[in-house]
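Letter by letter, the chains look like this.
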Amino acid sequence: MEPESLVAKENHEEVQAADLGAHTRPIPDVLTLEEIANLAAEEGQPAETLMNVVALIAKRFDTDVCSAYLLEPDRANLVLAATVGLRRECIGQLRMAIHEGLAGLVAEQVRPVAVEQAHTHPRFKYFREAGEDDYQSFLGVPLIDRGVLQGVLVVQTMEPRLFREDEIQMLAEAAAQVAPVVSEARTLDRFIAPAQERLWALARNLWWSWDHDAASLFRDLDPVRWKQLNQNPVSLLAELPLSKLESRAAELVLHSRINYAYRRLQEYLHADRTWGTRHAGVLRPRPVAYFSAEFGIHESLPVYSGGLGVLAGDHIKSASDLAIPLVGIGLFYGQGYFRQRLDRDGWQQEEYLETDVNQLPLEAAIGKNGRPVLIQIETRNGSIHAQVWRVKVGRCDLFLLDSDVEGNTADDRKLTSRLYGGDARTRIRQELLLGVGGFRALKAMGITPGVLHLNEGHSGFAVLEAIRARMQEEGIAFDKAVPRVSREVVFTTHTPVPAGHDRFNADLMEEHLGPLREGLGISQDSLMGLGREKPSNQQETFCMTVLGLRLSQRANAVSALHGEVSRAMWIGLCPGKPEDEVPIGHITNGVHVPSWLAPQMFRLYDRHLGTNWHEHSSEARIWEGIEDVDDGELWETHLSLKSGLLDFVRHRAVEQAEHRGETREALQRLGRVLSPDALTIGFARRFATYKRANLILRDMENLASMVNDPKRPVQFVFAGKAHPHDEPGKRLLQQIAELMRNPRFADKFVFVEDYDINVGRYLVQGVDVWLNNPRRPLEASGTSGQKVVLNGGLNLSVLDGWWAEAYDGMNGFAIGTGRTHSDMSVHDTRDGEDLYRALREEVIPLYYQRDRDGLPRGWIKRMKRTIRTLGWRFNADRMVMDYTLQCYVPAAGGTSSDMRSAW
């Protein structure tokens, strides 16, 4: 009988041969020298060489499958490089981290693994697309050349097979014989070729998404596929064979650009003289944990719906640029937010598509034990499990929890499939996973946060878990743990709209928080009281915003006006205090400059604002140079961006119409809509009723005369989604869409479907005017208009949110004077009149007032003023600096002085 250490005794037990070389029995060469010599394909074709290797091994060992998995350049992932038996189309596509799957186990432990029934093994990872359903047994051995792991050689059979010790030794010996050939092929192929290696390194860090030079590398490799793949470099590289990449790189002389981009990424990652190093050193051992229900970093990672997520994405990107020690915690939505289509009646239809994780820059997050992180949360009705993905965002890590794992019920596997979907029970389970699960995931990875920053109330349960952990670590009671944790919590509230605050009844709370409540040692009434404005009111539900405010020492709104509104809204939490003493401050939102600034404007700023201006974009002095830019140069740059926007809108309009099956005549008309000479106004945001997208429709005769004026025409581009359950919002959207069929407006109104970061980017970079007319004071901040500022567009907005503190009378246009009215109809009527007055008396005349050179000098003067006065204030670097100095460092105990008021 073979030694038990080398033979699988149970279906799920793997062989781990630690020292095969210690056996004294000589093993003859499995492969002849002639066979090895014949493996290498002619003309340096590495893919063919690898196929020769697996074909020979499969034949020699009489197995149904033989596959070679090679380490990718980051040496953290394996990719299927050649196979006999699995589906050939998976070559180059099927990837796994070395900490997952049986092949990963071989690479992780660098020794053979044999399993009789692979499907029952806890490390088995199922790839539906590979066609491995029929195969039972697994034997994998490491491919090692000159002491360096190159990959893994795997054989599989249809019948369960108990591999003998001598078979394991023979495959290991064969792997040793072919390893030099594999290594050479690997050197030639994409897995180690310098250009490929560096492109893959760039693709796996989302830094590329805000570096124009790096992004242009991927675009130039295949411009058509780049657009079709939603500007996803992982998908692009996965389908580009080495031969095509090399020919494109040679044709376009890309090698030096690739090397330059890669070198800049390395310098960026390892820089030590940064703003964060100087001002936030206390956070390095205990970083900020930034919790958010969504993160909008780039359109190719669809785990966002709108403004909250895009703000979170900009926050983490600026934290990276400033080198603030910060990690993001969110959820991985397998279907993301919905894809939007309008039917022939202009009614919104929602479509959900599965996201292929293999086409995203994700890797399994690894815990302190060296294994992929899996977390578990107990509820009254069983446990919720989740895996954790890691995304590299420049210098920062973003961790996304994914409930689609074994051990969960079918419903719970879908828990993180959709963003903002489902009923209250789904929401509380998502928020339990985000808050409690997110905190536990950090602990499992050995990350002890010094600050918890809750971006809205969705993640409020994280504070309860932090309190439970502190009680356990320090052996203290709940009442003592609360203030110790609260001083480390920063809570940001984003909405002055009551419906935007999640509330849960007592039964849902006990069902999901009961086990955690018991760990805290408090009663159900006490727990409910933490989320009630009046803790003893048994009729009041549990509000996540109230929880965040009660358990945070630092709370802020996101604009000055929003701060006033929030203090008034939550004064009930501070009985006996006047409104201005309610402890809610404000830090006004800002946008990440490199992400939203058009490349053409970036180059213009490079020429006129000085070297590395973008590294100091939060400093007012940097923007003074815009006044020295030649008017003609700035205007021509703007017209170029406007032309790009109009081309994009026409293309999308035709695509949309084709999808609806419209006539050829309609398609031809849509291909010509919008004029480059007309004043172009953009409106793009969530179609909630308080945002009043239809305010411009209040006087249709006036509007018709305005858009059809042959001397001074105006045209509009709209985009945005209504929540799937928001019927009034959908009807409002339908009103706008119907204008495209109205003969009086058909060529002057276009609705762009499926609003996302890409659509938003085109709009904010190319419009003349950005229209924003929410019902004051219901806009917490708004950031889309801030993106327009950077690109030289002008805002026409109600004095709400950020615009209320930004407008100086000459850096854009205001709708009204900030007046409100208790009667909503009066309020809306007055704002509608003010909107038309501003357009007729200010915006349109100024735009069409040209000099002998055809330049609108007065308009350009406002463009320069808006850039100079607002560019430095409303950007995310300034915002994150404010959070760091006013919240993070004090919360982490890093201030050198803090003099309190006298007794």
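Relevant structure appears above.
Okay, so let's go over this structure. (Residues numbered from 1 in each chain as written. Predicted model: local features only at pLDDT ≥ 70, side-chain atom pairs only at ≥ 80, totals over all residues. Heavy atoms only, no water.)

**Brief notes about the overall build of the protein chain**
Quick reminder of the rule: The helix and strand labels rest on DSSP assignments: H or I over at least four residues marks a helix, E over at least two residues marks a strand, and numbering proceeds from the N terminus. The size measure is the radius of gyration over C-alpha atoms, and the globule rule it meets is 2.2 Å times the number of residues to the 0.38 power. Here the term buried applies to any residue with accessible area under 20% of the maximum for its type, exposed to any over 50%, and partly exposed to those in between, with areas from a 1.4 Å probe on protein chains only.
From N to C terminus, the protein chain includes 32 helices and 26 strands. Compactness check: the protein chain gives a C-alpha radius of gyration of 30 Å against a globular reference of 29 Å for 903 residues, within 12% of the reference. When the backbone C-alpha atoms are referred to their principal axes, the protein chain occupies close to 95 × 70 × 55 Å. Across the 903 residues of the protein chain, 59% fall into the buried class.

**What to know about helix α16 (residues 478-486)**
We apply this condition: An arc is given here, and it is the one of the directions from the helix axis to the C-beta atoms. Contacts between residues were defined by any pair of non-hydrogen atoms, one from each residue, lying within 4.5 Å.
Looking only at α16, the buried set comprises Phe478, Ala481, Val482, Val485 and Ser486. Considered in projection along α16, the buried side chains sweep an arc of 120° and stay on one side of the axis. Seen from the buried face of α16, the exposed residues on the opposite side, beyond 90 degrees, are Asp479 and Lys480. Packing partners of the buried residues in α16 comprise α15 (461-474), β16 (489-492), α17 (506-520) and α18 (524-530).

**Observations concerning the packing of aromatic side chains**
This is how the line gets drawn: Think of it this way: a Phe, Tyr or Trp ring, Trp meaning its six-membered ring, pairs with another when their centres are within 6.5 Å, and the plane angle makes it stacked under 30 degrees, edge-to-face over 60, tilted otherwise. Two conditions define a charge sitting above a ring: the NZ of Lys or the CZ of Arg must be within 6 Å of the ring centre, and it must be within 35 degrees of the ring normal.
Applying the stated criterion to the full structure yields 28 aromatic pairs. Taking the centre distance of 6.0 Å and the plane angle of 65° together, the rings of Tyr290 and Phe295 count as edge-to-face. Of the two residues, Tyr290 and Phe295, both sit in the buried class. Relative to Phe749, the ring of Phe718 lies with its centre 5.9 Å away and its plane at 15°, an arrangement referred to as stacked. One end of the pair, Phe718, is in strand β22 (residues 714-719); the other, Phe749, is in strand β23 (residues 749-752), and 31 residues separate them in sequence. Grouping residues by exposure puts Phe718 and Phe749 together as buried. Grouping aromatic residues by their ring pairs yields a cluster made of Phe683, Phe687, Phe716, Phe718, Phe745, Phe749 and Phe751. Its end group placed over the ring of Tyr352, Arg418 keeps NZ or CZ at 3.6 Å from the ring centre. Over the aromatic face of Phe338 sits the side chain of Lys721, whose NZ or CZ is 4.9 Å from the ring centroid.

**Structural notes on the sheet that holds strand β3 (residues 95-97)**
What counts is decided by this rule: We treat two strands as partners when DSSP finds at least two bridges between them. All axes here are fitted lines through C-alpha atoms, helices being fitted over the stretch that makes contact, and every angle between N-to-C directions spans 0 to 180 degrees.
Spatial ordering of the open sheet is given by β3-β2-β1-β6-β5-β4, a layout of six strands whose pairing is antiparallel. Lying at the two open borders of the sheet, with one neighbouring strand each, are β3 and β4 (113-115). Put simply, the sheet's adjacent strands are angled 25° from each other on average, direction ignored. Sheet analysis places strand β1 (residues 65-71) next to strand β2 (residues 77-84), joined by six bridges and oriented antiparallel. Each bridged residue has a counterpart across the sheet, and for Cys66 the counterpart in β2 is Val84. Those strands touched by helix α3 (residues 101-109) are β1, β2, β3, β4, β5 (137-145) and β6 (148-157), and its axis lies near 35° from that of β5.

**Brief notes about the state of the cysteines**
What counts is decided by this rule: Working definition: a disulfide is two cysteine sulfur atoms within 2.5 Å of each other.
All chains considered together, the criterion is met by zero disulfides. For the unlinked cysteine Cys396, the closest cysteine sulfur is that of Cys887, found at 17 Å. No disulfide involves Cys543; its nearest neighbouring cysteine sulfur is the one of Cys574, lying 14 Å away.

**A closer look at the nonpolar core**
The condition that has to hold: As used here, the term nonpolar core means buried Ala, Val, Leu, Ile, Met, Phe, Trp, Tyr and Cys residues forming a set that is joined through side-chain atoms within 4.5 Å.
The biggest cluster of nonpolar side chains holds 137 residues, and the ones touching the most others in it are Phe461, Leu464, Ile467 and Tyr888. Each residue touching Ile467, except ones within four places of it in the same chain, is listed here: Phe478, Ala481, Val482, Val485, Leu520 and Leu551. Counting 92 residues, the second-largest nonpolar core is a separate cluster that includes Phe648, Leu674, Val759 and Leu771.

**So, the sheet that holds strand β24 (residues 769-772)**
Within the open sheet, the six strands sit side by side as β23-β22-β21-β24-β25-β26. Their pairing is parallel. In the strand order of this sheet, the two ends are held by β23 and β26 (813-815), each with one partner. Across the sheet, the mean angle from the axis of one strand to that of its neighbour is 20°, orientation sign disregarded. Bridging between β24 and strand β25 (residues 794-798) involves four bridges; their strand directions are parallel. Looking at β25, one finds that Val769 is bridged to Leu794. Contacts from helix α23 (residues 631-659) reach β21 (679-684), β22 and β23, with the element oriented near 75° to β23.

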